[in-house]
Amino acid sequence: MADSQDEAGPFLPPTISPPALLSGASQTYFSPIPPQLLAANIPCCLGVDEAGRGPVLGPMVYSAFYLPLTLSDPLLKQKHSFDDSKVLTPAVRLSLMKELCTKDSELHDNCGYATSSLSPLSISSGMLKASKAQIYNLNQQAMDATIALIKGIYERGVNVTDIFIDTIGQPAAYQKKLERVFPTAKITVAKKADSLYPVVSAASVVAKVTRDIALEVLWADRSKQMRKRKRDDEAGPEKRAKLERGDTTGTNNTDAMDVDQPSQTQSESPKAAKDENEDEEVETNEAMAWGSGYPSDSKCVSWLKQYMHPVFGWGPECRFSWGTAKDMLETKGGVKVDWPEEEEEETQKLTDFFMAKRDQEEENVDELGTWFGAPAGVECF
């Protein structure tokens, strides 16, 4: 995907691939590296932060942001006023992200970034394991995503000398682990690092914008499915009634099963345009019902209840491992599913082969004949 965005359409950052997002796959993206960082081997600082750790809907996005160490305060804090993404308005965050993705801008030419978007499917499949020993908890997934991003930036030739990270759990333990992985870098792990260090603030903005737009892409697909289902439900009784009467009027000489498919003339009519406008209005209203995606948001919980499938639950937007989703499926209208326990496969050790051979040889021996020792053969005489 191109690093800059066509202004003619809605802004879609290169950190998002809609096909991968809608398929439930996790995504990783590394921006192009500013050429001068590689040519001069300039010492760089790097910040890491996340967005979407707690919601039941949407991905958890980790972002790593880097630039020359000497530009961190002048460029990020003083000139562009980067701050914790929760402090900045959505419009300001979006504007900063657009500039970062626009070629020949100061941010684009001096900064680089990378993101790892952990999909709800990936998060849930790691946390929902039959055996506790196999569980891949959220903290470990977050740690691995952070390490993979930093390693990827090192592997691309960036001279990272200072790393700043917003903490997961206890800062001291987290910092010691990272120092073992990256022994050449000066590492600082701190609470509220997104407010203390501009490079972490920038990572916070990239992560937040990526998650917000990912939710918009997920919602656009989901609302399209809901509108289609609604039209099908409304057209169903009328279609069946016409078939029972043998009435094929309005089908433009097509099969009666296609009566709800408008012709080109119909689709261009004012009524069709009005229907499309109503669909857009419905989508906007339903998007408000989607809420923030957090379990504490009553709009989110209401939406989950209203659109829960009794067997399959929800789509790629939902983290099934979250208590909110699990409780709804198990106690509020979901179909109970019994999963048979998998039988352990029979395994044979190499020693079993020799033991079986020895047992067979012992069966062929005359027990009474060997009572007083092994019998002597004819060759002994």
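The structure under discussion appears in the preceding block.
All figures in this text were calculated on a predicted structure; none of them were measured in a lab.

J.: Looking at this structure, I do not really get the overall build of the protein chain. What am I missing?
T.: What the protein chain contains, in helices and strands, is 15 helices and six strands. Burial statistics for the protein chain: of 381 residues in total, 39% are counted as buried. A separation of at least 24 residues holds for 69% of the contacts in the protein chain among residues at least 6 apart in sequence. Accessible surface, the protein chain as shown: approximately 22,600 Å² in total, 53% of it carbon and sulfur.

J.: What is the right way to read the pattern of salt bridges from this model?
T.: Applying the stated rule across the entire model yields six salt bridges. Here Glu317 and Arg222 are joined by a salt bridge, their closest N and O atoms 2.8 Å apart. Of this pair, Glu317 sits in the loop between α13 (298-306) and α14 (323-331) while Arg222 sits in helix α10 (residues 198-245), and the two are 95 residues apart along the sequence. The pair formed by Glu317 and Arg222 is uniform in burial state, with each residue classed as buried. Because the salt bridges share partners, they merge into one network encompassing Asp84, Lys86 and Asp194.

J.: Sorry if this is basic, but what is going on with α13 here?
T.: Along α13, the positions that sit buried rather than exposed are Cys300, Val301, Trp303 and Leu304. Considered in projection along α13, the buried side chains sweep an arc of 160° and stay on one side of the axis. Facing away from the buried side of α13, by more than 90 degrees, are the exposed residues Ser298 and Gln306. Of the residues flanking the start of α13, the one acting as N-cap is Asp297, its side-chain oxygen 2.9 Å from the backbone nitrogen of Lys299.

J.: I'm lost on the packing of aromatic side chains in this one. Help?
T.: Between two aromatic rings, the relevant description is the distance of the centres plus the angle of the planes. Under the defined criterion, the tally for this structure stands at seven aromatic pairs. On the numbers, 6.0 Å between centres and 40° between planes, the contact of Tyr29 with Tyr113 is tilted. Separated by 84 residues along the polypeptide, Tyr29 in strand β1 (residues 27-30) and Tyr113 in strand β4 (residues 112-118) bring together distant segments of the chain. For the residue pair Tyr29 and Tyr113, the accessibility class agrees, reading buried in each case. Aromatic side chains Tyr154 and Phe182 sit 5.8 Å apart centroid to centroid with 25° between the ring planes, which places their arrangement in the stacked category. In this pair, Tyr154 is assigned in helix α7 (residues 138-155) and Phe182 in the loop between α8 (171-181) and β6 (186-190), connecting sequence segments 28 residues apart. Every member of this aromatic cluster is reached through a ring pair, and the members are Trp219, Trp303 and Tyr307. One cation-aromatic arrangement involves Arg156 over Phe30; the distance from NZ or CZ to the ring centre is 3.7 Å. The lysine or arginine in question, Arg319, covers the ring of Trp322, its NZ or CZ lying 4.9 Å from the ring centre.

J.: How should the sheet that holds strand β2 (residues 44-51) be read in this particular structure?
T.: What holds strands together in a sheet is hydrogen bonding between their backbones, with the strands either parallel or antiparallel. Within the open sheet, the six strands sit side by side as β1-β4-β3-β2-β5-β6. Their pairing is mixed. Both edges of this open sheet fall to β1 and β6, since each of them pairs with a single strand only. When strand polarity is set aside, the average angle formed by the axes of neighbouring strands in this sheet is 10°. Packing against the sheet, α7 makes contact with β1, β2, β3 (60-68), β4 and β5 (160-166), and its axis sits at approximately 30° to β3.

J.: Even after reading the chapter, I still don't get helix α3 (residues 72-79), so can you show me in this structure?
T.: Among the residues making up α3, those that are buried are Ser72, Leu75 and Leu76. Angularly, the buried residues of α3 cover 110° about the axis, an arc narrow enough to put them on a single face. Facing away from the buried surface of α3 by more than 90 degrees, the exposed residues are Lys77, Gln78 and Lys79. Once α3 ends, the next one or two residues include Ser81, with phi positive near 55°.

J.: Please clarify how the nonpolar core should be interpreted in this entry.
T.: The nonpolar side chains of soluble globular proteins are, as a tendency, buried together. By size, the foremost hydrophobic cluster in this structure holds 80 residues, and its most contacted members are Leu46, Phe65, Leu76, Leu178, Leu304 and Trp314. Sort the elements by how many residues they give to this core and α10 lands first, with 14 residues. Those residues in contact with Leu46, other than ones at most four positions away along the chain, are Ala64, Phe65, Tyr66, Ile150, Ile153, Val160, Asp162, Ile163, Phe164 and Val199.

J.: Looking at this structure, how should I read a nonpolar patch on the surface?
T.: A surface patch of nonpolar side chains, about 380 Å² in accessible area, is lined by Val311, Phe312, Val335 and Val337. Along the chain, Phe312 turns up in the loop between α13 and α14. Relative accessible area serves as the criterion here: at 60%, Phe312 is assigned to the exposed category.

J.: Just to check I follow, could you spell out the state of the cysteines for this structure?
T.: As used in these notes, a disulfide is a covalent bond between sulfur atoms, one from each of two cysteines. With the rule as written, the count across this model stands at zero disulfides. This cysteine, Cys45, is not joined by any disulfide, and Cys44 carries the nearest cysteine sulfur, 7.2 Å off.

J.: Would you mind showing me how to read unusual backbone geometry here?
T.: Trans is the common state for peptide bonds, and a negative phi is the common state for residues other than glycine. Despite not being glycine, Ser81 has its phi angle at roughly 55°, a positive value. Its place among the elements puts Ser81 in the loop between α3 and α4 (90-100). Relative accessible area serves as the criterion here: at 44%, Ser81 is assigned to the partly exposed category.

J.: What is the right way to look at the side chain of Ser204 in this model?
T.: Along the polypeptide, Ser204 turns up in helix α10. By relative accessible area, which is 1% here, Ser204 ends up buried. Among the polar contacts made by the side chain of Ser204, one reaches the side chain of Ser85 at a distance of 2.7 Å. Residue contacts for Ser204: discarding those within four places in its chain leaves Asp49, Asp84, Ser85 and Asp194.

Rules behind the numbers
- All residue numbers here refer to positions counted from 1 along the written sequence of the relevant chain.
- Where local features are concerned, this predicted model is filtered to residues with pLDDT of at least 70; where side-chain atom pairs are given and counted, the filter is 80 or more; whole-chain, interface and lining totals use all residues.
- Computation of side-chain values covers all heavy atoms of the structure but excludes hydrogens and water.
- Helix and strand assignments follow DSSP, with helices taken as H or I runs no shorter than four residues and strands as E runs no shorter than two, numbered in order from the N terminus.
- Per-residue accessibility, obtained with a 1.4 Å probe over protein chains only, is compared with the maximum for each type, and a residue is labelled buried under 20%, exposed over 50%, and partly exposed between these values.
- We call two residues in contact when some of their heavy atoms are within 4.5 Å.
- Here, Shrake-Rupley sampling with a 1.4 Å probe gives the accessible areas, and only protein chains in the shown set may cover a residue.
- The term salt bridge refers to a pairing of a side-chain nitrogen on Lys or Arg with a carboxyl oxygen on Asp or Glu at a separation within 4 Å.
- The arc in question is formed by the directions pointing from the helix axis toward the C-beta atoms.
- Under the rule applied, a polar contact is a pair of N or O atoms within 3.5 Å (in protein, one hydrogen donor and one hydrogen acceptor; residues adjacent in sequence only if both atoms are side-chain atoms).
- Pairing of aromatic rings covers Phe, Tyr and the six-membered ring of Trp, with a centre-to-centre limit of 6.5 Å; geometry is then stacked below 30 degrees between planes, edge-to-face above 60, and tilted otherwise.
- Two limits define a charge over a ring: the Lys NZ or Arg CZ must be within 6 Å of the ring centre, and within 35 degrees of the ring normal.
- Pairing between two strands requires that DSSP report at least two bridges joining them.
- Axes here mean lines fitted to C-alpha atoms, for a helix over just the part in contact, with angles spanning 0 to 180 degrees between N-to-C directions.
- Throughout this description, the term nonpolar core refers to a set of buried Ala, Val, Leu, Ile, Met, Phe, Trp, Tyr and Cys residues connected via side-chain atoms within 4.5 Å.
- Here the term patch refers to residues with relative accessible area over 30% and no salt bridge, with like charges joined within 9 Å and nonpolar side chains (Val, Leu, Ile, Met, Phe, Trp, Tyr) within 5 Å.
- A pair of cysteine sulfur atoms is labelled a disulfide when the two atoms are within 2.5 Å.

Everything listed is a geometric property; what it means functionally is a separate question.
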